[in-house]
Amino acid sequence: MNIILIIIIVFIVLDFVLGRVLNALNARDFGKPLPAELAGIYDDEKYKKQQEYSLAKYKLGVVSAVISLVVELLAFGLGWFGWLDGVLRGWLEPSLGASPVWFAVIMCVLFFIIILLVNDILDIPVSYYSTFRVEERFGFNKSTKKLFWSDQLKDAVVTAIIAALILSLVTWIYTAIPDWFWLLAWGVLMAFQIFMLMFYSNLIVPLFNKQTPLEEGELRTKIEAFATKAGFKLNNIYVMDSSKRSTHANAYFTGLGSKKRIVLYDTLIKQLTTDEIVAVLAHEIGHYKKKHTMRMLFLSMISSLVMFVILGWAIKSPELSIALGGPNESVFHLGILAFAILYTPISTLLGILTNKLSRRHEYQADAFAGQYGLAEELISALKKLSAESLSNLQPHKAYVFVYFSHPTLLRRIQKLMACTNCSSL
């Protein structure tokens, strides 16, 4: 064991400990008396059910985290990644050794596809239990076992195809143009991120769900009327058949320019009134009008660039490959894997800062809806959605600080109720 491997193992353990401590603090607050602003969301019976649901998810999370920790420690500590590299190297070198670029590309793709496949297989038991035990016990699951396995297969295939394409291009850049790897690879990832932002709902979602245009009627009329009033050009409003998997409800805004669209879960339409849905969409339109999507994209581009600059320098070091049990030379795929763990403290800090900014954006989007006289409808909608999903209404402050991209329901209600000039939020 060398110093880099020791650091990797320490980071894995510290990340596990941080997650368990924060989750334990969060679980400790289950069942706290609700403040006046949240009164009426749950009656005594439903509040007890909510606590049981939160506790069941907490226990499953502990099991999942422990399994992940054990597998990671075994994989890194026993040199499984170096072993896999050796097996693939022995298999591919006789036929591809004379072509360094293609050898590196195929090695990297196969290496990570195998890791992703093993990871998916290890995740299946927890996912299955979550779907057909926890979610079904509390009345959320609508998925069938056939649909579950179909989703698992589709997700694995889509992930493998996307990963193979990106890894092939990035590895080719590193092998063929190493001096500009950090910049060109960053450009590839950013192009992919923008592409997915624009076309995810058109290309990926249809593989799992049907999206149909919202039919003519009172809801569409009111949504279009609000969009016109808010100066938001909206042509694409879709309803997604999320009810075939779960009763959880949501709505989201996606795309840029002419590709932007609003997607409503059919469960959302069933759970909320027309005015409440308009208030929820006013919030989503607020994100667009306040340019939150572009700000977060810009922040992602800057943070990713910093990461690639550091990666471009670190990946040349053979010590990263040696730490994982690889050969005494710089190996691209082993270096990336080691770097991903070593970068954990920075990514955690960036995640905290990003979540803080995201929570501020949520307040601003709420305020945008409030500007149009929809504060009461938005509060009502948020309460209903929280009640229907058995949400934990009082998460621990430390847990919120680290993990939450949205403010708590209590803080959102307090902001909206106290808002005399919502545009100032």
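Please read all numbers here as calculations on a predicted model, not as lab measurements. (Residues numbered from 1 in each chain as written. Predicted model: local features only at pLDDT ≥ 70, side-chain atom pairs only at ≥ 80, totals over all residues. Heavy atoms only, no water.)

## Considering the overall build of the chain
A count of helices and strands for the chain gives 16 helices and four strands. Radius of gyration (C-alpha) of the chain: 24 Å, near the 22 Å computed for a compact globule of 425 residues. Across its three principal directions, the C-alpha atoms of the chain cover 70 × 45 × 45 Å. Within the span of the chain, comprising 425 residues, buried residues form 44% of the whole. Excluding contacts between residues fewer than 6 apart, the proportion of contacts in the chain whose partners are at least 24 apart in sequence is 75%. (Helix = DSSP H or I, 4+ residues; strand = E, 2+ residues; numbered from the N terminus. Rg over C-alpha atoms; globule rule 2.2 N^0.38 Å. Buried < 20%, exposed > 50% of the residue type's maximum accessible area, 1.4 Å probe, protein only. Contact = heavy atoms within 4.5 Å.)

## Side note on the side chain of N26
Relative to the helices and strands, N26 resides in helix 1 (residues 3-28). N26 sits in the buried class, given a relative accessible area of 8%. With residues near it in sequence (within four places) discarded, N26 still touches N392, P395, H396 and Y399.

## Looking at the packing of helix 4 (residues 100-137) against helix 5 (residues 145-176)
Packed helix pairs are characterised by how far apart their axes lie and by the angle those axes make with each other. Running from amino to carboxyl end, helix 4 crosses helix 5 at an angle of 155 degrees, the nearest separation of the two axes being 9 Å. In terms of orientation, helix 4 and helix 5 fall into the roughly antiparallel class. Here helix 4 and helix 5 pass one another in a crossing that is right-handed. Looking at the contact of helix 4 with helix 5, its residues break down into 20 nonpolar, seven polar and two charged. (Axes fitted to C-alpha atoms, helices over the stretch in contact; angles between N-to-C directions. Parallel < 35°, antiparallel > 145°, perpendicular 65-115°, else oblique. Left-handed = near helix turned anticlockwise from the far one by under 90°. Nonpolar A, V, L, I, M, F, W, Y, C, P; charged D, E, K, R; others polar.)

## A word on helix 10 (residues 292-314)
With 23 residues, helix 10 should reach 33 Å at 1.5 Å per residue; the first-to-last C-alpha distance of 33 Å fits that figure. Along helix 10, the residues that are buried comprise H292, L297, S300, S304, F308, L311, G312 and A314. Along its buried surface, helix 10 packs onto helix 6 (181-203), helix 9 (274-289), helix 11 (318-323), helix 12 (332-342) and helix 13 (344-371). (Expected span 1.5 Å × (residues − 1).)

## Observations concerning a positive patch on the surface
A contiguous patch of positive charge, built from K289, K291, R295, K356 and R360, is present on the exposed surface. Position of K356 relative to the elements: it lies in helix 13. (Patch = residues over 30% accessible without salt bridge, like charges linked within 9 Å, V, L, I, M, F, W, Y side chains within 5 Å. Areas by Shrake-Rupley, 256 points an atom, 1.4 Å probe, with all protein chains shown as cover. Salt bridge = Lys/Arg side-chain N within 4 Å of Asp/Glu carboxyl O. Lys, Arg positive; Asp, Glu negative; His and termini not counted. Charge placed at Lys NZ, Arg CZ, Asp CG, Glu CD.)

## Section: a nonpolar patch on the surface
On the surface, I3, I6, I7, V10 and L14 cluster together into a nonpolar patch covering about 420 Å² of accessible area. Along the polypeptide, L14 turns up in helix 1.

## Notes on the sheet that holds strand 2 (residues 237-240)
Strand pairing in a sheet takes place through backbone hydrogen bonds and is either antiparallel or parallel in direction. A sheet is described by the order of its strands in space; here four strands give the open sequence 1-2-4-3, paired in mixed fashion. If you trace the sheet from one side to the other, it starts and ends with strand 1 (211-213) and strand 3 (251-254), each paired once. Pairwise comparison of adjacent strand axes, ignoring direction, gives a mean angle of 30 degrees for this sheet. The sheet contact formed by strand 1 and strand 2 spans three bridges and is antiparallel. From the neighbouring strand, T212 faces strand 2, where its bridge partner is V239. In the packing of helix 9 onto the sheet, the strands contacted are strand 3 and strand 4 (261-265), and the crossing angle to strand 3 comes to about 30 degrees. (Pairing = 2+ DSSP bridges.)

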